[in-house]
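# Notes for the structure review
Given next are the chains, with one letter for each unit.
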Amino acid sequence: MKLLPTLALAAALCPAFTVSGGTRSASGEEVPSPVLAAAEQRVTGENIPAPLRPHFVRLYSEGPQNAVLHNMRGGLAAFRARHFELAKKCLDDAIAGMENLIAGGKRAEDAKSDFVEERRKWFKGENYEQSALYFYRGLLYLRDGDFGNAAACFKRCEIMDITGDDARDFAGDWYAGELALALASRLNGYAADSDAALRRAAGFSFAQFVQVPPPTATTNTLLVVETGSGPEKYGDGQYNEKLKYRVKRPFTVSVNANGVSTSAAEDLFFQATTRGTRQVDYILNSKAELKEDLGKAGVGLAAAAFTAAAIAARVDGGTTALAVGGGLAVASVGTMIVSSLTTPQADTRAWHNLPRSIFLLHLETPAGTDNITVSGLTPDGKTTYTKSVPLHTVSGAGTNFKIGFAKFDH
Amino acid sequence: MARTRKPKNMKLTNLVPLSAVVLIGCASTENPGVRYVDPNAVGAVAGTGVESQDINAAAAKAAQSIVSVSAIARAATPPTVVITPVANRSASPIDTTLYTTKLRGALMEHSAGKVRFLARDASWNANAAEQALRQSGQVAGGGTATTGRAGATYDYILTAELSGLSAASSAGQSEYFLIAFKLVDFQDLLVWESQYEIKKEGKVSAVYR
């Protein structure tokens, strides 16, 4: 019987065949209980702060295929909780994993297979996530007074903003990246680099829709305000093969502090949705077409099997028709099984705690200022949030630079 | 004639243990392990950024070149050099402290006593604190407690700057790095310059593009 080898082959090719009620990783694989227990023990042993522990349990238990994802999530959570050393380690590990061109290569090749889901590949993020990774790492270098590496990260933020050929105008157009580069370059003593970054930013299409006071020679304080929830990935199309994004409408459209008001310097939904067509989209479309073709072929074979069976019932001695009908039925079932095992679903793993918008307030504050009040405003001027934000003074020769971070949920 | 056994038809239930074996195999990840690797060799983590072997090679080249500079080779007494932290103007974040340390180590190794290096970053605070203890009598006196401690000064500043050009597209990425070393005297005259270039290209799988 040919059906059984087909099933065995399918089981071998498709790890999703596993039946289990246990914990699943972001890439859909079962996490064995001992592995989970060891991860929880490790998190306790490392004294990871309680609110951050879920990220680290997943980081330590879900394998290298999800390490970049959980380092991104855990790093940003640590950043907001002001555990900056932990945040730096996570983001550095995420960068190392993301930039590694070799590791995960086998899974990447496997993911091209018609029978392996895209989410089985090692997660390295979409381009907006890769740019955001460098952007946040750059902010942490700024906080450390390491302006050279901060500038390097903001440059990298633009480089990672790769687009498809159908969206070339949106490549390397992180407005917040250029503004932050301008500030870091000026603080590092390279005024010409700073001016060049501001000129590039002014040429972005995004610049037409925003009013963000840029850093100047007298800027000595940067306030970074994140608002809302970042792009949510979902699979669209007949088989969820098309990666799409949705996002909640933001309440806060401007922020102000010390009499300076600004609109968002970056919109991550805009960045996610101006990526253009990816190479992997062609692979997923091909898988979807195969799945559809096999499904139609299975239905056709089933119909032919019924016809043959009907002929066999009417014709005296129709054993040949019955045999043909049986063969067609088996072929139909086999084809439909293979169709069902074809996996065109897009990988929707996401850096889910990214914000929708990033605001950059470039301020001039008196010496000794150690906190600042920042407010968010709706389009009609109503206050959404007011927060007192602690400022960190960057130590280092010749600098009097202060930086603060705030997050508004909407 | 040997009898051949007719294979039995496989039942669906027979697939369960087979599937379990297959699936356990699928669920396993790479074996953990640790091994020594040559720091000058291309490591398992190979990206297009600057890696340890690049720094080793650049520092060794600079060290071999600097000792042949006439101001150093013909000096009556070995001149003192202070190494400033590596400046990063590239588009790749780097561990500047590590690079500076590596550079100094390579220079020490290759300069064969023809150059002395100032290491205030390593010793200034400790020496100043010890001098204060000596002067206060909390530790044995003598030495510089009576004569006063005068830290050494330098004859030359050695700078290293990493700059680069980076490009990336859906076809792949390319990185060019230039590590420029400069030896500058106390009158701001450029005595020596050496450059080391690195170019790398990389491409990720189509599922990431």
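Residues numbered from 1 in each chain as written. Chains lettered and ligands numbered in written order. Predicted model: local features only at pLDDT ≥ 70, side-chain atom pairs only at ≥ 80, totals over all residues. Heavy atoms only, no water.

Looking only at helices and strands, chain A features 13 helices and 11 strands. A burial count over chain A gives 52% of its 410 residues as buried. For chain A, contacts bridging at least 24 residues in sequence account for 72% of all contacts bridging at least 6. Total accessible area on chain A stands at roughly 17400 Å², and carbon and sulfur atoms take up 56% of it. (Helix = DSSP H or I, 4+ residues; strand = E, 2+ residues; numbered from the N terminus. Buried < 20%, exposed > 50% of the residue type's maximum accessible area, 1.4 Å probe, protein only. Contact = heavy atoms within 4.5 Å. Areas by Shrake-Rupley, 256 points an atom, 1.4 Å probe, with all protein chains shown as cover.)

What follows is about unusual backbone geometry. All names here are of chain A. Even without being glycine, Asn-47 reaches a positive phi, approximately 55°. With respect to the secondary-structure elements, Asn-47 resides in the loop between helix H2 (33–45) and helix H3 (53–61). Classification of Asn-47 by relative accessible area gives exposed; the value is 61%. Positioned with a positive phi, Asn-240 is a non-glycine residue whose angle comes to about 60°. Tracing the sequence through the fold places Asn-240 in the loop between strand E2 (232–236) and strand E3 (242–246). For Asn-240, a relative accessible area of 38% gives the class partly exposed.

Turning our eyes to something else, we now look at the pairing of strand E7 (residues 357–363) of chain A. Residues and elements named next belong to chain A. In terms of burial, E7 is largely enclosed, as 7 of its 7 residues are buried. Of the two faces of E7, both are covered, the one formed by Ser-357, Phe-359, Leu-361 and Leu-363 as well as the one formed by Ile-358, Leu-360 and His-362. As paired elements, strand E1 (residues 221–227) and E7 share 7 bridges and run antiparallel to each other. Each bridged residue has a counterpart across the sheet, and for Val-224 the counterpart in E7 is Leu-360. (Pairing = 2+ DSSP bridges.)

Across the sheet, which stays open at both edges, the 5 strands sit in the order E6-E7-E1-E11-E10 (chain A) with mixed pairing between neighbours. Unpaired on one side and paired on the other, strand E6 (266–267) and strand E10 (392–393) of chain A mark the two borders of the sheet.

This part is about the environment of Val-115 of chain B. Residues and elements named next belong to chain B. The residue Val-115 is located in the loop between helix H4 (96–111) and strand E3 (116–118) in this model. In the structure, Val-115 is positioned 42 residues away from Ala-73 in sequence and 9.0 Å away in space, judged by C-alpha atoms. With sequence-adjacent residues up to four places away left out, Val-115 is seen in contact with Ile-72, Pro-78, Pro-79 and Val-81.

Take the sheet that holds strand E4 (residues 254–257) of chain A next. Either a parallel or an antiparallel arrangement is found when strands of a sheet pair, and the pairing is made through backbone hydrogen bonds. All names here are of chain A. Taken in spatial order, the 4 strands of this open sheet run E5-E4-E8-E9, and their pairing is antiparallel. Every interior strand has two partners, whereas the edge strands, strand E5 (260–263) and strand E9 (383–390), have only one. Shown here is a sheet whose adjacent strand axes are inclined to one another by a mean of 20°, direction ignored. Summarising the sheet, strand E8 (residues 371–377) and E9 pair through 7 bridges and their orientation is antiparallel. From the neighbouring strand, Leu-377 faces E9, where its bridge partner is Thr-383. (Axes fitted to C-alpha atoms, helices over the stretch in contact; angles between N-to-C directions.)

Another aspect to go through is the nonpolar core. Phe-135, Leu-139, Leu-142 and Tyr-175 of chain A are the most contacted members of the largest nonpolar core, which totals 83 residues. By residue number, the principal contributor to this core is helix H7 (residues 127–143) of chain A, which donates 10 residues. Setting aside residues no more than four positions away along its own chain, Tyr-175 of chain A makes contact with Ala-201, Phe-204, Phe-206, Ala-207, Val-210, Val-212, Ala-265 and Glu-266 of chain A. Counting 31 residues, the second-largest nonpolar core is a separate cluster that includes Ala-62, Val-81, Phe-181 and Tyr-196 of chain B. (Core = buried A, V, L, I, M, F, W, Y, C linked by side-chain atoms within 4.5 Å.)

With that settled, consider the state of the cysteines. Residue and element names in this part refer to chain A. Counted by the stated rule, this structure contains 0 disulfides over all chains. Just so you know, Cys-153 is unpaired, no disulfide at all, and the nearest cysteine sulfur is the one on Cys-157, 9.3 Å from it. Here Cys-153 falls in the buried class, since its relative accessible area comes to 0%. (Disulfide = S-S within 2.5 Å.)

A word on the pattern of salt bridges. All names here are of chain A. The final tally for this structure, using the stated rule, is 32 salt bridges over all chains. Among the salt bridges present, the one from Glu-178 reaches Arg-200, with a minimum N-O distance of 3.0 Å. Of the two residues, Glu-178 is situated in helix H9 (residues 175–187) and Arg-200 in helix H10 (residues 191–202); the sequence distance between them amounts to 22 residues. Salt bridges here are not isolated pairs; linked through shared partners, they connect Glu-29, Arg-107, Glu-117, Arg-119 and Arg-120. (Salt bridge = Lys/Arg side-chain N within 4 Å of Asp/Glu carboxyl O.)

Let's shift gears to H9 of chain A. Residue and element names in this part refer to chain A. The end-to-end C-alpha distance of H9 is 19 Å, a good match for the 18 Å that 13 residues give at a rise of 1.5 Å each. Counting buried positions over the 13 residues of H9 gives 11, a clear majority of the element. Where H9 is concerned, the buried positions are Tyr-175, Ala-176, Gly-177, Glu-178, Leu-179, Ala-180, Leu-181, Ala-182, Leu-183, Ala-184 and Ser-185. In this structure, the buried side of H9 is in contact with H7, helix H8 (147–159), H10, E1, E6 and E7. Positive backbone phi, at 90°, marks Gly-189, one or two positions downstream of H9. (Expected span 1.5 Å × (residues − 1).)

Residue and element names in this part refer to chain A. Here H3 crosses helix H4 (residues 67–80) at 160°, and the two axes come no closer than 9 Å. The angle between H3 and H4 places the two elements in the roughly antiparallel class. The handedness of the crossing between H3 and H4 comes out as left-handed. Contacts between H3 and H4 involve His-55, Phe-56, Arg-58 and Leu-59 on the former and, on the latter, Ala-67, His-70, Asn-71, Arg-73, Gly-74 and Ala-77. Per-class residue counts for the contact of H3 with H4 are 4 nonpolar, 4 polar and 2 charged. (Parallel < 35°, antiparallel > 145°, perpendicular 65-115°, else oblique. Left-handed = near helix turned anticlockwise from the far one by under 90°. Nonpolar A, V, L, I, M, F, W, Y, C, P; charged D, E, K, R; others polar.)

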